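Chain by chain, the residues:
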Amino acid sequence: MTENFFVKTHGLGNEYLVFDEDNITFNLSERAIKRICNVNFGIGSDGILLLVKSDKADIGLRIFNPDGSEAEKSGNGLRIFCKYVFDYGIIKRNEFTVETKGGIVKANIEEVRNNKATLITVDMGKAIFKSSDIPTKIEKDIVENELIQIEDKEYRINCVSVGNPHCVIIKENLDVEEIKKYGKYIENYKMFPNRINVQFAKVVNRNEVEVLIWERGAGFTLASGSSSCAVASVLRRKGLIDSEVTIKMLGGKLKIQINDEMEIRMTGEIRQICEGILSEELIEDLEK
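Quantities reported herein were computed from a predicted structural model and do not represent experimental measurements.

Q: Before we move on, can you summarise helix H1 (residues 30-40) with the specific residues and values?
A: Of the residues making up H1, those classed as buried are Ala32, Ile33, Ile36, Cys37 and Asn40. In an axial view of H1, the angular spread of the buried residues amounts to 125 degrees, which keeps them on one side of the axis. Contacts from the buried residues of H1 go to strand E1 (5-11), strand E2 (14-20), strand E3 (47-52), strand E4 (59-64) and helix H5 (280-286).

So, in structure tokens, the structure goes:
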């Protein structure tokens, strides 16, 4: 492929640029990541996906948030990445493994149209509730229904890791303006040394949940695969949902399967927006 070739792909309100590390002529510094994201993205959980080699899986992936920080795992990012490696013949089979900073993920191309992957399932691994593994600055083994105070609001939080840390707050009603206002304070709350992703969740019934998302490094977000998995794992542990649930977000829906061992599978559609080459002018600006 041509140097600095990228693919831009959309998944439930999330848009990512995918690059191959062997094909870029510039360093993905924090400044470069911010600049690329500012040029290419609007509202949503957006960032950069970088294809790298792996000794532990079929292929490797690094995930970068719009603020330049590196994420451990991203559900929609993973599905977008899997579409890329399948569509461009980098992986030539329907089942393969991907190494991320948050662990190895199994991927399955469920549906192919016109030789392009459209429906993708990823096994996100096992939800972890141990507070030291999330991590949190709290002596309790598990953070469940923990009361925190954010300005004039009190919240009961539930913490879980699905490769990266999440804080789930169960509410009877969801308000976009509320998560926009308080999400950043919860993300940076004193008990979370590495910041945390925040989800407000409303249980509609045992098979349907509505979610609003504040993602660390990205802010108010239209959709997030790992956030959906986090919500499902907390609600499943509390006995509020069944083993299969539809997570409804502003950007769209995801189907989540979660068994009694808290192992999570996530399925959803992905579509490519465009492909292109980073302009020489932008590359020069990135390197100044």
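Q: So what's going on with the packing of aromatic side chains? Which residues, and what values?
A: This structure, assessed with the given rule, holds six aromatic pairs. Between the aromatic rings of Phe6 and Phe19, the centroid separation amounts to 6.1 Å while the plane-to-plane angle is 50 degrees, which identifies the pairing as tilted. Of this pair, Phe6 sits in strand E1 while Phe19 sits in strand E2, and the two are 13 residues apart along the sequence. A ring pair is formed by Phe19 and Phe26, whose centres lie 6.1 Å apart and whose planes are at 90 degrees; its orientation type is edge-to-face. For the pair formed by Phe19 and Phe26, the shared burial category is buried. A connected cluster of aromatic rings, assembled from ring pairs, spans Phe5, Tyr84 and Tyr88. If you follow Lys116 out to its NZ or CZ, it ends over the ring of Tyr88, 5.4 Å from the centre. The lysine or arginine in question, Arg237, covers the ring of Phe129, its NZ or CZ lying 4.9 Å from the ring centre.

What counts as what
- Residues numbered from 1 in each chain as written.
- Predicted model: local features only at pLDDT ≥ 70, side-chain atom pairs only at ≥ 80, totals over all residues.
- Heavy atoms only, no water.
- Buried < 20%, exposed > 50% of the residue type's maximum accessible area, 1.4 Å probe, protein only.
- Helix = DSSP H or I, 4+ residues; strand = E, 2+ residues; numbered from the N terminus.
- Arc of directions from axis to C-beta.
- Contact = heavy atoms within 4.5 Å.
- Phe/Tyr/Trp six-rings, centres within 6.5 Å; stacked < 30°, edge-to-face > 60°.
- Lys NZ or Arg CZ within 6 Å of the ring centre and 35° of its normal.

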